[in-house]
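Now for the letters of each chain:
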Amino acid sequence: MSKLIGLLGMAILSSLAFALPEDRNQPIHVSADQASLNEATGVSVYSGNVEIKQGSMILKGSRVELHRDNQGSIARVVSTGNPAEFQQQSVASQPVTRAYGNQMDYRIPTQLITITGNAQVQQANDRFTGQRIVYNMDQSIVDAFGSEQPGGQRVEMIIQPRSNN
C-alpha cells in the first residue's frame, strides 16, 4: 500500500521538485505585517499575512521563518498558518501545484518537504491528503500518513482519468 501511495503521490507531487527554470533567477519578494531579522543566528521571522514570491512560487502563512546557513544561503523555510500555503508551476504547459497544511517545513539542502496538519497537495483536479505528507524531491519518494488517533484523518487520493486524445 505504501508503494502504491508513493507512486501515485509522486505523479502529483513531482512538480514540487522543479520550478520553472527562470524562477530561481528571480528576486525574492517578502511582504508581512512584521519582520525580525537576526544576523547572529541567521534566522528571519516574518509574521502577519506573510507572502513570499519568487517567480511562479508563492508561499503564504501567518508566520514564516527563514533559516540561513553559514554561507548565507537559505537552508530551511518553516511556514505555519491556517493553512500555510505553497504554490509553484514546474512547467509552463502544466497546471500549478498547490500544497496546504498547518505547517510546512522545507529543508532545502536535503530537498525534503514535510507538510503536517491537514496536509493537502493538488494539481488540477488531482488531490492527495493526509495528516502528514513527507516528500523527498531528490529521490521522488512520497510518504503520507493518516492520524494515529482512532477515527482520525486517513490518507486519501483523488486522481482524475487522463484522456487519450
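Report follows, based on the coordinates. Because the structure is predicted, anything quoted here is derived from the model rather than measured. Within each chain, residues carry numbers counting from 1 in the order of the written sequence. Reporting in this predicted model follows two pLDDT cut-offs: at least 70 for local features of residues, and 80 or more for side-chain atom pairs to be given and counted; totals over whole chains, interfaces and linings ignore these cut-offs and use all residues. Side-chain metrics rest on all non-hydrogen atoms present in the structure, leaving aside hydrogens and water.

## Some thoughts on the side chain of Asp 126
Here comes step 1: Under the scheme used here, helices are H or I runs from DSSP no shorter than 4 residues and strands are E runs no shorter than 2 residues, and both carry numbers assigned from the N terminus. Along the chain, Asp 126 falls in strand 8 (residues 126–136).
Here comes step 2: Polar contacts, as used here, are pairs of N or O atoms within 3.5 Å; protein pairs need one atom able to donate a hydrogen and one able to accept it. Residues neighboring in sequence count only if both atoms are side-chain atoms. A polar contact of 2.7 Å, which involves the side chain of Asp 126, links it to the backbone nitrogen of Gln 160.

## Some details on the side chain of His 67
Here comes step 1: Checked against the element boundaries, His 67 lands in strand 4 (residues 57–68).
Here comes step 2: Exposure categories follow from relative accessible area, calculated using a 1.4 Å probe and restricted to protein chains: below 20% of the type maximum is buried, above 50% is exposed, and the middle band is partly exposed. Exposure remark for His 67: the relative accessible area of 18% places this residue in the buried category.
Here comes step 3: Side chain to side chain, His 67 and Glu 65 meet in a polar contact 2.8 Å long.
Here comes step 4: Once you skip the residues sitting within four places of it in the chain, His 67 turns out to touch Gly 42, Val 43, Ser 73, Ile 74, Ala 75, Arg 76 and Val 78. Any two residues whose heavy atoms approach within 4.5 Å are treated as being in contact.

## Thoughts on unusual backbone geometry
Here comes step 1: Cis geometry marks the peptide bond from Asn 82 to Pro 83, where omega comes out at 0 degrees.
Here comes step 2: Tracing the sequence through the fold places Pro 83 in strand 5 (residues 74–88).
Here comes step 3: Phi angles above zero are rare outside glycine, and Asn 49 is one such case at about 50 degrees.
Here comes step 4: Look at Asn 49 and you get exposed, because its relative accessible area is 63%.
Here comes step 5: Positive phi, close to 55 degrees, is recorded for Asn 118, a residue that is not glycine.
Here comes step 6: Checked against the element boundaries, Asn 118 lands in strand 7 (residues 112–123).
Here comes step 7: By relative accessible area, which is 48% here, Asn 118 ends up partly exposed.

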